[in-house]
Amino acid sequence: MIYEFLQISIKENSEDSFIAAVEKAKPLFLNSPGCQGMTLTRSHEHKGRFCLVIRWESIEAHVEGFRKSDALPQWRALVNEYFSEPPKGEHLIPVFEA
């Protein structure tokens, strides 16, 4: 498994609209081959900062599958207007869970 980690900063006063857009976008991820789930969290300390974590069965499922599919531009169309800056992303490899 691989985690796609996105730190997202959004424009002021757009939190509810952003959350609704991510909710609407869930099927784009969850119906993508190799997607094993996703979690959206909001920062307690930093207003307007969110973390989106998407669990993929492999890096290829994300990079070769989702990124090259029609789902990626649909995702961007739903959420880009809320970003105050481009999201910061990386892929994380789980070491252990307790």
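Throughout what follows, the structure given in this document is the object of discussion. (Residues numbered from 1 in each chain as written. Predicted model: local features only at pLDDT ≥ 70, side-chain atom pairs only at ≥ 80, totals over all residues. Heavy atoms only, no water.)

Let's talk about the pairing of strand β2 (residues 35–42)
Here is step 1: Pairing of β2 with strand β3 (residues 49–56), which is carried by 7 bridges, proceeds in the antiparallel orientation. Considered in β3, the bridge of Gly-37 is made with Arg-55.
Here is step 2: As consecutive antiparallel partners, β2 and β3 are separated by 6 residues, and within that stretch Gly-48 has a phi angle of approximately 85°, a positive value. (Pairing = 2+ DSSP bridges. Helix = DSSP H or I, 4+ residues; strand = E, 2+ residues; numbered from the N terminus.)

Quick notes on the nonpolar core
Here is step 1: One finds Ile-8, Phe-18, Phe-29, Trp-56 and Trp-75 to be the most contacted residues of the largest nonpolar core, which totals 24 residues.
Here is step 2: Examining the composition of this core, we find that 6 residues originate from one element, helix α1 (residues 15–30), more than from any other.
Here is step 3: In this structure Ile-8 touches Phe-18, Gly-48, Arg-49, Phe-50, Leu-52, Phe-83 and Pro-87, once residues within four positions along its chain are discounted. (Core = buried A, V, L, I, M, F, W, Y, C linked by side-chain atoms within 4.5 Å. Buried < 20%, exposed > 50% of the residue type's maximum accessible area, 1.4 Å probe, protein only. Contact = heavy atoms within 4.5 Å.)

So, the packing of aromatic side chains
Here is step 1: Counted according to the given criterion, the structure contains 6 aromatic pairs.
Here is step 2: For the pair Phe-29 and Phe-66, a centre-to-centre distance of 4.7 Å together with 20° between the ring planes defines the contact as stacked. Here Phe-66 lies in the loop between α2 (59–65) and α3 (71–79) and Phe-29 lies in helix α1, a separation of 37 residues in the sequence. Neither residue differs from the other here; Phe-29 and Phe-66 are each classed as buried.
Here is step 3: Between the aromatic rings of Trp-56 and Phe-66, the centroid separation amounts to 5.7 Å while the plane-to-plane angle is 45°, which identifies the pairing as tilted. Linking Trp-56 in strand β3 with Phe-66 in the loop between α2 and α3, this pair joins segments that are 10 residues apart in sequence. Summarising the burial analysis for this pair, Trp-56 and Phe-66 share the class buried.
Here is step 4: Here the aromatic residues Phe-18, Phe-50, Tyr-82 and Phe-83 are joined through ring pairs into a cluster of three or more. (Phe/Tyr/Trp six-rings, centres within 6.5 Å; stacked < 30°, edge-to-face > 60°.)

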